[in-house]
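# Structure assessment
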Amino acid sequence: MDDIQWLGGGDDLREAFAIRLEVFCDEQGYSPEMELDALDRTSRHVLLYRDGAAVATGRLYEKRPGVMGIGRLAVRRAWRGSGIGGELLAAMVDQAAQLGAQWVELDAQCRVIGFYEKQGFAVCGEEHMDGHVPHRMMRRKLG
């Protein structure tokens, strides 16, 4: 059974941070200083639980009026390929729409662009480096 919990930047974010550090730092080689940043304090964070364990997380933040950013989407290795990433992303898109956004944008690692395209996102920017990993901006119209 899945449960989704939304948290603010002032809430206890240890479970979300643990997933992000595991995925982005331990697996992908980002530094903790690069992964955990000031945007965490002003973002809405989501945790997805399966059978009582936190298995995925992401953050949602206002980029500019009418546009919400989606970032730090991370799924623990054991749960990848199970549909949890799509479920989490759908919850984040729904939340952005409820908050009045007309668009959602994200900075996707190039290797997972196909995943986001299946969720209705389209590439809208040139390839660029975020740390040591190539990325492209993507966006999706809401409503």
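Everything in this summary refers to the structure shown in the same document. (Residues numbered from 1 in each chain as written. Predicted model: local features only at pLDDT ≥ 70, side-chain atom pairs only at ≥ 80, totals over all residues. Heavy atoms only, no water.)

### Structural notes on the layout of surface pockets
For clarity, the cut-off: Grid spacing is 1 Å over the protein atoms alone, the probe is 1.4 Å, and a cavity is where that probe fits but cannot get out, while a pocket is an open set with protein on both sides within 12 Å along at least five of seven lines and lining residues have an atom within 4 Å of a point. Grid points are joined across faces, edges and corners, and a volume is the space filled by probe spheres set on the points. Elements are defined by DSSP. Helices are runs of H or I of four residues or more, strands are runs of E of two residues or more, and each kind is numbered from the N terminus.
In this structure, the largest pocket occupies an estimated 810 Å³ of space. Considering the residues around the largest pocket, the lining is formed by 37 residues, among which Phe24, Leu73, Gln109, Val112 and Tyr116 are closest to the centre. Put simply, the parts of the chain that give the lining of the largest pocket at least two residues each are helix H1 (14-27), helix H2 (32-35), strand E3 (53-64), strand E4 (67-75), helix H3 (84-98), strand E5 (103-109), helix H4 (113-118) and strand E8 (133-141). Here the element with the most residues in the lining of the largest pocket is E4; it accounts for 6 residues.

### Looking at unusual backbone geometry
In plain terms, the rule: Burial classes: relative accessible area under 20% of the type maximum marks a residue as buried, over 50% as exposed, and values in between as partly exposed (1.4 Å probe, protein chains only).
Of note, Asp51 is a non-glycine position whose phi angle comes to about 50°, a positive value. Mapped onto the elements, Asp51 comes out in the loop between strand E2 (44-50) and E3. When its relative accessible area of 63% is taken as the criterion, Asp51 is described as exposed. With phi around 55°, Arg72 is a residue other than glycine that occupies positive phi space. Note on placement: Arg72 falls in strand E4.

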